[in-house]
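# Examination of the molecular architecture
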Amino acid sequence: MAAFPRSAPCWVDAQLPDLEAGKRFYGGLFGWTFRAGDAAESAYAEALSDGKLVAALAAKQDGRMPTAWGVCFATDDIAATVALIRQEGGQVITEPVRVGRAGVLAQAADPGGAVFGLWQAGDRSGFEKQNEPGSFCWTEVYTRQKDRVDAFYEKVFGFRGTDLGESGTDHGEPGTGDGDTGDGGAADSGSSESGSGGAGASESGVDFRMWSPEGTEPGPDTAIGGRSVITDAFPAEMPSYFLIYFAVADCDAAAETAVGLGGRVSAPPFDIPYGRMAVLHDDQGAEFAVLQPPVS
């Protein structure tokens, strides 16, 4: 399996109250199949699409943990990255721990409180499939502390930012979503429930920054994620978070299927320059987005 570039999103997993219910939901929505993970505990399932690893589901070990999707970023030196996270004002939640021969894992939070993972590959690099239906395609962090968070990710991961409104970027970012509150909407539809972002972001003055990996020319063609801002329209207790996107062949059908499986739609399907998207919650409350690429 090819190694991921430094700081690229390389894995996603969901922490759920009921693992078997999660398998039924995501198996029904994305056609995923599952196998027991390498973790010592049995409450962990790796998800496969067309026989390729795309994600994992885990049973929460503590009911106080959020029911949520999370993202891991690749690093070739996890100890150095952890030290840099502390230096730049982040918090290390879980110190690096070896996961058998697969690799080394750590968990951290940025200065705004959004949680993310770090992965130093051993035998396993991460996704075996992405940017195709049924697999990861994008992530963005939602925060109230944009200046601290921008500096943090650019220092820790070497991201190069492109703000909407800069030359060649007036076409909006891939999407929007809401936090763990369960309410959301699309900025371009005029909804006040959206944290920020949306297809009309540049026209509406929404603050959004795209991230491109170190060593690339920053801009939409190289972007691997982004940063949006949680507006004052949301309660102060709403935490910062990462929204995970999965590619689908038909956004409207995916939203309908999610509802039929017991989930719900917080931002109904709407068009953006990158295709058609929706923000959904599974039947246990974990939020994620789906994106149907435009027809080429």
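Quick note: structure is the one above.
The present account deals with the structure reproduced in this document. (Residues numbered from 1 in each chain as written. Predicted model: local features only at pLDDT ≥ 70, side-chain atom pairs only at ≥ 80, totals over all residues. Heavy atoms only, no water.)

Taken N-terminus to C-terminus, the directions of helix α1 (residues 19–30) and helix α5 (residues 251–260) make an angle of 155°; their axes are 9 Å apart at the nearest point. Overall, the two elements α1 and α5 adopt an arrangement that is roughly antiparallel. Classified by chirality, the crossing of α5 by α1 is right-handed. Judged by residue contacts, Phe25, Gly28 and Leu29 of α1 engage Ala254, Thr257 and Ala258 from α5. (Axes fitted to C-alpha atoms, helices over the stretch in contact; angles between N-to-C directions. Helix = DSSP H or I, 4+ residues; strand = E, 2+ residues; numbered from the N terminus. Parallel < 35°, antiparallel > 145°, perpendicular 65-115°, else oblique. Left-handed = near helix turned anticlockwise from the far one by under 90°. Contact = heavy atoms within 4.5 Å.)

Before going further, it helps to spend a moment on the sheet that holds strand β11 (residues 208–212). With mixed pairing, 8 strands are arranged side by side in an open sheet as β10-β11-β12-β9-β13-β16-β15-β14. Two strands bound the open sheet, and with one partner strand each, they are β10 (160–163) and β14 (264–272). For this sheet, the mean inter-axis angle between neighbouring strands, taken without regard to orientation, is 25°. Across 6 bridges, strand β15 (residues 275–281) lies against strand β16 (residues 287–292) in antiparallel orientation. By the bridge assignment for β16, Ala278 is matched with Val290. The strands that α5 touches are β14, β15 and β16; relative to β15, the one it contacts most, it runs at about 10°. (Pairing = 2+ DSSP bridges.)

The mixed open sheet is built from 8 strands, whose spatial order is β2-β3-β4-β1-β5-β8-β7-β6. At either margin of the open sheet sits one strand with a lone partner, and together these are β2 (33–36) and β6 (91–99). Direction aside, neighbouring strands of the sheet carry axes that sit 30° apart on average. With 6 bridges joining them, strand β3 (residues 44–49) and strand β4 (residues 52–59) adopt antiparallel strand pairing. Within the sheet, the bridge partner assigned to Ser49 lies in β4 and is Lys52.

Right, let's get into the packing of aromatic side chains. Scanning all chains against the criterion turns up 33 aromatic pairs. On the basis of an interplanar angle of 35° and a centroid distance of 6.0 Å, the ring pair of Trp11 and Phe127 is categorised as tilted. In this pair, Trp11 sits in strand β1 (residues 9–16) while Phe127 sits in the loop between β8 (115–121) and β9 (136–143), placing the two residues 116 residues apart along the sequence. Both residues of the pair, Trp11 and Phe127, belong to the buried class. Centroid distance Phe246 to Phe288: 6.1 Å. Interplanar angle 70°. Geometry classified as edge-to-face. Here the residue Phe246 occupies a position in strand β13 (residues 241–247), and Phe288 occupies one in strand β16, the gap between them amounting to 42 residues. With respect to class, Phe246 is no different from Phe288; both count as buried. An aromatic cluster is present here, built from Phe25, Tyr26, Phe30, Trp32, Phe34, Trp69, Phe246 and Phe288 joined pairwise through their rings. (Phe/Tyr/Trp six-rings, centres within 6.5 Å; stacked < 30°, edge-to-face > 60°. Buried < 20%, exposed > 50% of the residue type's maximum accessible area, 1.4 Å probe, protein only.)

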